[in-house]
Amino acid sequence: MHLPRLHPAAQAAALAVSVLLAACGGGGDDDPPSQRGAILSGHLAGHADAAVIDAGTQASGLQALSGPARCSVDVRYVMYVTRDPAGQPATASAGVLVPQGEDAACQGERPVVLYAHGTTTARSKNMADVVNDTEASLVMAMFAAQGYIVVAPNYLGYDRSSLTWHPYLNAEAQATDMIDALRAAKAHLNEQSPVKPSQHLFITGYSQGGHVAMATHREIQTRYADEFTVTASGPMSGPYNLLQFAQVINGPGPINAGATIFTPMLLTSYQRSYGNVYRAPAEVYQAPYAATAETLFPTDTPVADLVAQGRLPADPTFTALFGPGGLLTDAFRNDFLTNPDNGFVQALERNTLLGWTPTRPMALCGGAEDPTVFYGVNTPVAQADFNSRLPAQLAVPAFDLEDRNTLPAGQAGDQIYGGFQLAKNAAGSDVLAQYHGGLVPPFCTALIRGFFEQVMQQPNQ
């Protein structure tokens, strides 16, 4: 069975990086601190030489996008205190990738990229594991090896977090987690590293992480402007327009690839966050899925095993949401479509990221043929919403990898567009399966990095 790639780990861009990772030890005191962003443990977990990073990017073909590594990278791991959706203390962890080397870009004060990762079902997700996690290796090559400090939270519910579930696409909770990771990472580096964070703060992320990145930009702007200033943000392929996106999936369709995995993650998140999505799982899920669906994820049990055990529908496209053998009940679908007081509708509306106005530069990126996070109902809708209120000089661009006219002018845009089309052609009949999780991420990441560099070159940035 072919399983969808559920996080933006660019297969073609995976790095064969040889890094010796230390065991993630530490655990804090008997009476650990409870303030947000407090460090419970932090240590150097490994190191990647620039020559080894280059060998990986050359072998994978990524170097045409990333460029040769200017820096080696120290890999650090930080455990910190944050808050769960109920406002109670919880612990989470982050990978912190720090440039090192003789090049001026690798020393002194360096700009920070706060990176939000994409959807994964794996409880053990760890953005400090640049050997085995291809998303971590991608951002290391694209950002840290080019002179950016990368702070990449693993999120509540993942890695060694104290929370047993994940507040998936809960905008406020995930932004809180991101901000607390940034606080902890900056404090750790100011104490332990000769390379320090500068005043430049960039926020980006892919897929789920696109939503998280946009929510974090909004949260900092509206609630933490006295502590942080966003230099620019670059959300990628995110479900920003959650309510309308869900109305398409649950209404006339089409159903997005991976829906039978994303849906229980989302329902569990909103039920545990707000308590009014359903009274019992059987109101939502068909048998036999009602017995286990709300406790499935995150888990290190492979998705293929969950299907084999009958805990997810046996559909290779993961789109069997409704009908005989589907995941959800028709009664739930009908109530969702007709009842304005439906708890799931209210939660989706609460976490839709339209209606605010970014006051710092933002660029969006994605691909119009995305079968997983539908581009048309998310990226251009968010762009139009923001630009309806923004002055021309702050207008949000939306880079569509399928439309040359939306990409930067000149050779750089030509190379991105041509390279993406070649990658699609090379994928052949597997192009839709690879599109969201493998093909788009490296190209969008290159575009967003270029946007960040352009912003930094502007006066007073």
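Owing to the predicted nature of the structure, the values given are computational and were not obtained by experimental measurement.

Trainee: It is not clear to me how helix 6 (residues 242–250) should be interpreted in this structure. Could you clarify?
Mentor: For an α-helix, 3.6 residues make a turn, and residues three or four places apart therefore share a direction. Of the positions making up helix 6, those classed as buried are Leu242, Leu243, Phe245, Ala246, Ile249 and Asn250. An end-on view of helix 6 places all buried positions within 160 degrees of arc, on one side of the element. Tucked inside the fold, the buried residues of helix 6 contact helix 5 (208–223), helix 7 (259–274), helix 9 (330–338) and helix 10 (343–350).

Trainee: Help me understand the state of the cysteines in this model?
Mentor: Two cysteines, two sulfur atoms, one covalent bond between them: this is a disulfide. Tallying each qualifying case throughout the model produces two disulfides. Disulfide partner of Cys71: Cys106, at an S-S distance of 2.1 Å. Of note, the bridge from Cys71 to Cys106 carries an S-S torsion of about -90 degrees and is left-handed in sense. Of this pair, Cys71 sits in the loop between helix 2 (63–66) and strand 2 (72–83) while Cys106 sits in the loop between strand 3 (89–100) and strand 4 (109–116); the two residues are 35 residues apart in sequence, bridging distant segments of the chain.

Trainee: Please explain unusual backbone geometry as it appears in this structure.
Mentor: The phi torsion of most residues other than glycine is negative, and most of the peptide bonds are trans. Between Ala287 and the following residue, Pro288, the backbone shows a cis peptide bond with an omega angle of 5 degrees. For Pro288, the location among the structural elements is in the loop between helix 7 and helix 8 (303–308). Note the cis peptide between Phe297 and Pro298, where omega equals 0 degrees. Assignment of secondary structure puts Pro298 in the loop between helix 7 and helix 8. With phi around 50 degrees, Ser237 is a residue other than glycine that occupies positive phi space. Relative to the helices and strands, Ser237 is located in the loop between strand 7 (232–236) and helix 6. Since its relative accessible area comes to 4%, Ser237 is described here as buried. The phi angle at Phe318 is positive, at roughly 55 degrees, despite the residue not being glycine.

Trainee: What am I meant to see in the confidence of the model for the chain here?
Mentor: Note: predicted coordinates in regions of low pLDDT should not be interpreted at a detailed level. In this model, the chain carries an average pLDDT of 93, and 93% of its residues clear a pLDDT of 70 or more. For residues 1–30, every residue scores under 50 in pLDDT, and the model assigns this stretch 104 contacts once sequence neighbours within four places are set aside.

Trainee: Mind showing me how you'd approach the pairing of strand 2 here?
Mentor: If a strand is regular, its side chains alternate between the two faces of the sheet. Counting buried residues along strand 2, 12 of its 12 residues qualify, which places the element largely inside the surrounding structure. Residues Ser72, Asp74, Arg76, Val78, Tyr80 and Thr82 point to one face of strand 2 and Val73, Val75, Tyr77, Met79, Val81 and Arg83 to the other, with burial holding for every one of them. As paired strands, strand 1 (residues 39–48) and strand 2 are joined by eight bridges and run antiparallel to one another. Of the residues in strand 2, the one forming a bridge with Leu44 is Arg76. When strand 2 meets strand 3, the two strands line up antiparallel, connected through 12 bridges. In the strand pairing of strand 3, Val75 is matched with Leu97.

Trainee: Just to check I follow, could you spell out the packing of helix 6 against helix 10 for this structure?
Mentor: Packed helices, taken two at a time, are described by their axes: the angle between them and the distance between them. Between helix 6 and helix 10, the shortest axis-to-axis distance is 7 Å and the interhelical angle comes to 140 degrees. What the angle tells us is that helix 6 and helix 10 run oblique. Residues Leu242, Leu243 and Ala246 of helix 6 form the contact with helix 10, whose participating residues are Val345, Leu348 and Glu349. In terms of residue class, the contact of helix 6 with helix 10 is built from five nonpolar, no polar and one charged.

Trainee: Would you mind going over the packing of aromatic side chains with me for this structure?
Mentor: The geometry of two aromatic rings is summed up by the distance between their centres and the angle between their planes. Applying the stated criterion across every chain yields a total of 13 aromatic pairs. With a centroid separation of 4.5 Å and an interplanar angle of 25 degrees, the aromatic rings of Phe202 and Phe452 are classed as stacked. In this pair, Phe202 is assigned in strand 6 (residues 196–206) and Phe452 in helix 13 (residues 431–456), connecting sequence segments 250 residues apart. The exposure class of Phe202 is buried, given its relative accessible area of 0%. Judged by its relative accessible area of 0%, Phe452 falls in the buried class. With a centroid separation of 5.9 Å and an interplanar angle of 35 degrees, the aromatic rings of Phe332 and Phe344 are classed as tilted. Taken together, the residues Phe332 in helix 9 and Phe344 in helix 10 connect sequence positions 12 residues apart.

Trainee: Looking at this model, I keep getting lost on the nonpolar core. Mind explaining?
Mentor: As a rule of thumb, nonpolar side chains are buried together in soluble globular proteins. Counting residues in each nonpolar core, the largest one holds 74 residues, and the members touching the most others are Val151, Tyr270, Tyr285, Leu328, Phe344 and Leu348. What Tyr285 contacts, discounting residues up to four positions off in sequence, is Pro264, Leu267, Ala290, Ala293, Leu327, Leu328 and Thr329. Residues Val73, Val139, Ala145 and Val455 belong to the second largest nonpolar core, which totals 56 residues.

Trainee: How should the side chain of Thr329 be read in this particular structure?
Mentor: For Thr329, the location among the structural elements is in the loop between helix 8 and helix 9. Side-chain polar atoms of Thr329 contact the backbone oxygen of Glu283, separated by 3.1 Å. With near-sequence residues (within four places) excluded, Thr329 lies in contact with Ala282, Glu283, Val284, Tyr285 and Gln286.

Trainee: Is there a simple way to explain helix 12 (residues 411–427) in this structure?
Mentor: For helix 12, built from 17 residues, the straight-helix expectation of 24 Å at 1.5 Å per residue is met to within 8% by its first-to-last C-alpha distance of 24 Å. The set of residues buried in helix 12 consists of Gly413, Ile416, Phe420, Gln421, Lys424 and Ala427. Across the axial projection of helix 12, the buried residues extend over an arc of 125 degrees, all falling on one side. Set apart from the buried face of helix 12 by more than 90 degrees, the exposed residues are Gln411, Leu422, Asn425 and Ala426. Buried residues in helix 12 make contact with helix 2 and helix 13. Count one or two residues on from helix 12 and you reach Gly428, which has phi positive near 60 degrees.

Rules used in this analysis
- Residues numbered from 1 in each chain as written.
- Predicted model: local features only at pLDDT ≥ 70, side-chain atom pairs only at ≥ 80, totals over all residues.
- Heavy atoms only, no water.
- Buried < 20%, exposed > 50% of the residue type's maximum accessible area, 1.4 Å probe, protein only.
- Helix = DSSP H or I, 4+ residues; strand = E, 2+ residues; numbered from the N terminus.
- Arc of directions from axis to C-beta.
- Contact = heavy atoms within 4.5 Å.
- Disulfide = S-S within 2.5 Å.
- pLDDT = per-residue confidence, 0-100.
- Pairing = 2+ DSSP bridges.
- Axes fitted to C-alpha atoms, helices over the stretch in contact; angles between N-to-C directions.
- Parallel < 35°, antiparallel > 145°, perpendicular 65-115°, else oblique.
- Nonpolar A, V, L, I, M, F, W, Y, C, P; charged D, E, K, R; others polar.
- Phe/Tyr/Trp six-rings, centres within 6.5 Å; stacked < 30°, edge-to-face > 60°.
- Core = buried A, V, L, I, M, F, W, Y, C linked by side-chain atoms within 4.5 Å.
- Polar contact = N/O pair within 3.5 Å; in protein donor to acceptor, adjacent residues only side chain to side chain.
- Expected span 1.5 Å × (residues − 1).

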